[in-house]
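A closer look at the structure
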Amino acid sequence: MTNRICQLFNITYPIIQAGMIWCSGWKLASAVSNAGGLGIIGAGSMYPEVLREHIQKCKQATPNPFAVNIPLLYPDLEELFTILVEEGVKIVFTSAGNPAKWTSFLKEKGIIVVHVIANLKFALKAQEAGVDAIVAEGFEAGGHNGREETTTLCLIPEIAEAITIPIIAAGGIASGKAMLACFALGAEAVQIGSAFVVSEESSAHPAFKQKVIGAKAGDTALRMKKLVPVRLLTNKFEQEIAVAEAEGASAVELQQLLGRARAKKGMFEGDMEEGELEIGQIASTLHEVQPAAEILMNIWESFLVERDRISNLAI
Ligand SMILES: Cc1cc2nc3c(=O)[nH]c(=O)nc-3n(C[C@H](O)[C@H](O)[C@H](O)COP(=O)(O)O)c2cc1C
């Protein structure tokens, strides 16, 4: 397929594996890039030198383009961006912050910049800042989330009407059907997170992968809206947050409950009760751990089947 996103990244399929803390290191990113999509190293859980190591290993593991995701709310930003430049990273996805500050720095170095947004205001800001494309992420998505709670189905057409740069849809996509729906709404690619958490190459703890596979509808919740809204699997930690929120806990109190390293404890170390387990609503449709390339090709092939089915509908 060729469209603006495939051309921009020089990839075969308009399918992007999301940058995800504790889940998307070089193994997953290179597997997806080798399969013809765009793999992303999630730098949000990496110290600067760990990130450098992942980039170097990814370069060795694939000749194809890959990207790095930098959430703008983390410390060490200057050091992280310097490493990207030194290591010759060609594509950067920024998220969770204001795109104005770092976009021009990256563009001056010839780097392709994509920014993740969850509302129209930030889509316009990102376009104005000069990014090459945006990821529009609905509130079905796993991980940090928009305060407005706009679903992918409502977000994509609203943004598509207002901006001219290409849109990558995210949130609730793990099938060719959902991908086709996003294309119908105006997207030119999809970014997929939760489905790749349960890939063989994801660095998520095996216990977390199994819990995701066992998840049913309604097993995720959006919590910590006073702090940074995040969609996670229900467990003991999530229930403690729910009780505190019902009792009107302040942002400071939520921060204290969250403490440090909760996400690592859950997703990477496998503590299914005390850990923070970020995942999207689509988890209830994920039933097995598969190689990343298989996940990608299943979605792509079913996208083509569904496209033909829809175009052949008798009217
Ligand atoms: C475990 C997990 C960790 C995530 N970490 C990040 C992150 O570090 N940076 C980011 O921009 N988005 C992060 N996200 C959001 C994803 O990049 C992606 O946009 C989202 O998962 C798409 O929705 P889906 O989960 O329904 O596929 C994370 C999502 C998950 C499930």
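Structure first, text after, so check above.
So, here's what we can say about the structure.

Before going further, it helps to examine the nonpolar core. With 80 residues, the main nonpolar core has Leu51, Ile70, Ile134 and Phe208 as its most contacted residues. Looking at which element gives the most residues to this core, the answer is helix α14 (residues 292–311), with six residues. Residues within four places of isoleucine 134 in sequence aside, it is in contact with Val114, His115, Ile117, Ala123, Ala126, Ile159, Ile163, Ile165, Pro166, Ile167 and Ile168. If you look at the next biggest cluster of nonpolar residues, it comprises 18 residues, including Ile91, Ala133, Val135 and Ile168.

This part takes up unusual backbone geometry. The backbone of tryptophan 22 shows a phi angle near 65°, a positive value even though the residue is not glycine. Within the fold, tryptophan 22 resides in the loop between β1 (15–17) and α2 (26–34).

Our next topic: the sheet that holds β1. The sheet built from eight strands is open, its strands ordered β1-β9-β8-β6-β5-β4-β3-β2 with parallel pairing. The open sheet has two free edges, formed respectively by β1 and β2 (39–42), since each of these has just one partner strand. Between one strand and the next, the sheet's axes are offset by a mean angle of 25°, whatever the strand orientation. Bridge count between strand β4 (residues 91–95) and strand β5 (residues 112–117): four bridges; the pairing is parallel.

As a further point, take the packing of aromatic side chains. According to the stated counting rule, one finds eight aromatic pairs in the structure shown. Consider the rings of phenylalanine 81 and tryptophan 102, whose centres lie 4.4 Å apart with planes at 25°: the pair is stacked. With phenylalanine 81 in helix α4 (residues 77–86) and tryptophan 102 in helix α5 (residues 100–108), this residue pair connects regions lying 21 residues apart in the sequence. Take phenylalanine 81 and tryptophan 102: they sit in the same class, and that class is buried. On the numbers, 5.4 Å between centres and 90° between planes, the contact of tryptophan 102 with phenylalanine 105 is edge-to-face. With tryptophan 102 and phenylalanine 105 both in helix α5 and three residues apart, the pair spans about one turn of that helix.

So, how was this worked out
- Residues numbered from 1 in each chain as written.
- Predicted model: local features only at pLDDT ≥ 70, side-chain atom pairs only at ≥ 80, totals over all residues.
- Heavy atoms only, no water.
- Core = buried A, V, L, I, M, F, W, Y, C linked by side-chain atoms within 4.5 Å.
- Buried < 20%, exposed > 50% of the residue type's maximum accessible area, 1.4 Å probe, protein only.
- Helix = DSSP H or I, 4+ residues; strand = E, 2+ residues; numbered from the N terminus.
- Contact = heavy atoms within 4.5 Å.
- Pairing = 2+ DSSP bridges.
- Axes fitted to C-alpha atoms, helices over the stretch in contact; angles between N-to-C directions.
- Phe/Tyr/Trp six-rings, centres within 6.5 Å; stacked < 30°, edge-to-face > 60°.

Everything listed is a geometric property; what it means functionally is a separate question.
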